[in-house]
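# Fold and geometry: a report
Here are the chains, one letter per residue:
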Amino acid sequence: MTSFVRRRTSFKRHLQLIELLKARPVKWRFIFTFPDLWGTRFLAPSTPEYKALNAPLAVWTDGRESRKLCPDYFNNDPDFAAYFRDRIVHARLKGAEPEDGDLIGFDFEPWGSSQFCVCDRCRAAYAKSRGLATVPTAAEATKDVHAWAAFRCDQTEASVAKICNAVREYNPKLLLADYDYIQFYGSKDEKVFYTGCAKNTRQDEKWFDRHICSYYHMVDRKSFLAISNNTAVLKKPYLPLGAVGGYGGGTHLGRGRSDGRGRNDGRTAGCRRGGVNRDFVRRRASRQDGVCGRTARCPRHL
């Protein structure tokens with residue numbers, strides 16, 4: 001199991017871990033970190049070239065515009081495709097100067113599956129994928145939460161394919177790794193998860209060479225059960241990262257819970273009321289986590 005340096009690790013231990021990591025044969029280059037996936041702040045939005053695209057923003061179910069791009073636009077607009085390939089992906093790779101065989105890591109966290117994007121073009125794409133005669137309203141489209149989540153996972157896969165293809169166009173000898181979420185594949189929780197985060201690792205793994213998964217919020221026996229489940233289901237090599245100097249947020253020490261749900265130090269990690277993950281209805285309230293502690297609808301974080 002590889003080592004993951006936590007912020008509470010002592011400085012001496014930190015240096016020891018760095019030396020251990022240096023000795024490993026695999027190079028780690030987390031060049032692409034798109035936790036929003038379609039978040040505009042990763043796309044050089046202040047440049048004239050980006051402004052000229054007049055890229056449409058995603059629309060939330062309450063009618064507000066998001067700070068994210070419309071996923072259908074991200075996946076299918078040819079002008080944006082050229083901009084994204086040349087000005088974002090290839091430019092970052094050129095600056096990083098990766099060598100053949102380097103491992104390029106991706107961190108995709110497309111939260112908010114049930115809440116966006118319900119613009120005209122996304123609802124039309126949803127209707128086409130479902131074989132509907134008419135384009136549904138936002139309320140109609142999202143009523144069947146699991147059908148909508150499956151459509152949103154398809155959008156995520158198309159975006160993943162776009163990014164991975166762009167990297168391979170630059171250098172086909174680079175290895176691509178996905179920073180996965182831990183799942184218990186085949187359980188009902190897997191299906192529920194997609195209603196909150198449109199990321200189906202089994203569906204996306206065809207585009208990657210490796211899986212990387214952090215076990216900093218799942219500990220003890222359950223973490224090993226998860227590793228066993230994940231390695232049995234996924235087809236590509238699986239690299240778990242284990243917390244060394246401390247536990248991450250969402251770990252439930254002293255409560256016999258290690259599944260990333262419930263309370264920890266007065267913080268609420270999520271809500272699964274009614275069989276649907278409510279997209280972190282309450283966000284972490286700790287000031288040290290750098291968030292406001294309000295609900296997931298806080299406009300500062302959407």
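The shown structure was predicted, so the numbers you read here are calculated from the model rather than taken from an experiment.

## Here we look at the packing of aromatic side chains
For any two aromatic rings, the description comes down to two numbers: the centre-to-centre distance and the angle of the planes. The full count for this structure, using the stated rule, is 18 aromatic pairs. Consider the rings of Phe74 and Phe80, whose centres lie 5.1 Å apart with planes at 50°: the pair is tilted. Residue classification places Phe74 among the buried residues on the basis of a relative accessible area of 0%. The exposure class of Phe80 is buried, given its relative accessible area of 0%. Pairwise contacts between aromatic rings join Tyr50, Tyr73, Phe74, Phe80, Tyr83 and Phe84 into one cluster. Taking NZ or CZ as reference, Arg152 lies 4.5 Å from the ring centre of Phe116, over its face.

## Description of the pairing of strand β5 (residues 103-106)
The two faces of a sheet get side chains in turn, since along a regular strand they alternate between them. Of the two faces of β5, the one carrying Leu103 and Gly105 and the one carrying Ile104 and Phe106 are both buried. Two elements, β5 and strand β6 (residues 175-180), share four bridges in a ladder whose sense is parallel. Within β6, the residue paired with Ile104 across the bridge is Leu176.

## Looking at the side chain of His90
With respect to the helices, strands and loops of the structure, His90 is situated in helix α4 (residues 78-96). We classify His90 as buried; its relative accessible area is 16%. There is a polar contact of 2.8 Å between the side chain of His90 and the backbone oxygen of Ala166. Once residues within four sequence positions are removed from consideration, His90 is found in contact with Arg85, Ala166, Glu169 and Tyr170.

## What about unusual backbone geometry?
Cis geometry marks the peptide bond from Phe116 to Cys117; its omega dihedral reads -10°. Looking at where Cys117 falls in the secondary structure, it is placed in the loop between β5 and α5 (120-130). In this structure, Asn54 is a non-glycine residue whose phi angle is positive, near 50°. Turning to its location among the elements, Asn54 is positioned in the loop between α2 (48-53) and β3 (57-59). Taking relative accessible area as the criterion, Asn54 reaches 66% and is therefore assigned exposed.

## A word on the environment of Ile163
Inspection of the secondary structure puts Ile163 in helix α7 (residues 145-170). Look at Ile163 and you get buried, because its relative accessible area is 0%. On a C-alpha basis, the gap between Ile163 and Asn75 in space is 9.9 Å, while along the polypeptide they are 88 residues apart.

## Focus: the confidence of the model for the protein chain
Averaged over every residue, the pLDDT of the protein chain is 76; the share at 70 or more is 70%. Segment residues 1-9: pLDDT under 50, and 37 contacts once partners within four positions in sequence are set aside and those in other chains are kept. Contacts for the low-pLDDT stretch residues 250-302, under 50 throughout, to residues beyond four places or in other chains number 100 contacts.

## Overview of the packing of α4 against α7
Orientation of α4 relative to α7, taken along the N-to-C sense of each, is 55°, at an axis distance of 10 Å. The pairing of α4 with α7 is recorded here as oblique in orientation. Judged by the twist between their axes, the crossing of α4 over α7 is right-handed. Along its contact with α4, which presents Ala81, Phe84, Arg85, Val89, His90, Leu93 and Lys94, the element α7 presents Lys162, Ile163, Ala166, Val167, Glu169 and Tyr170. In terms of residue class, the contact of α4 with α7 is built from eight nonpolar, one polar and four charged.

## Things to note about α5
One turn of an α-helix holds 3.6 residues; hence residues three or four places apart share an orientation. Taken as a whole, α5 has its buried residues at Cys122, Arg123, Tyr126 and Ala127. Down the axis of α5, the buried set is contained in an arc of 140°. They therefore lie on one face. Pointing more than 90 degrees away from the buried face of α5 are the exposed residues Asp120 and Lys128. Looking at the packing, one finds that the buried side of α5 touches α3 (71-76), α6 (138-141) and α7. The first or second residue beyond α5 is Gly131, which carries a positive phi of 70°.

Parameters and conventions
- Residues numbered from 1 in each chain as written.
- Predicted model: local features only at pLDDT ≥ 70, side-chain atom pairs only at ≥ 80, totals over all residues.
- Heavy atoms only, no water.
- Phe/Tyr/Trp six-rings, centres within 6.5 Å; stacked < 30°, edge-to-face > 60°.
- Buried < 20%, exposed > 50% of the residue type's maximum accessible area, 1.4 Å probe, protein only.
- Lys NZ or Arg CZ within 6 Å of the ring centre and 35° of its normal.
- Helix = DSSP H or I, 4+ residues; strand = E, 2+ residues; numbered from the N terminus.
- Pairing = 2+ DSSP bridges.
- Polar contact = N/O pair within 3.5 Å; in protein donor to acceptor, adjacent residues only side chain to side chain.
- Contact = heavy atoms within 4.5 Å.
- pLDDT = per-residue confidence, 0-100.
- Axes fitted to C-alpha atoms, helices over the stretch in contact; angles between N-to-C directions.
- Parallel < 35°, antiparallel > 145°, perpendicular 65-115°, else oblique.
- Left-handed = near helix turned anticlockwise from the far one by under 90°.
- Nonpolar A, V, L, I, M, F, W, Y, C, P; charged D, E, K, R; others polar.
- Arc of directions from axis to C-beta.

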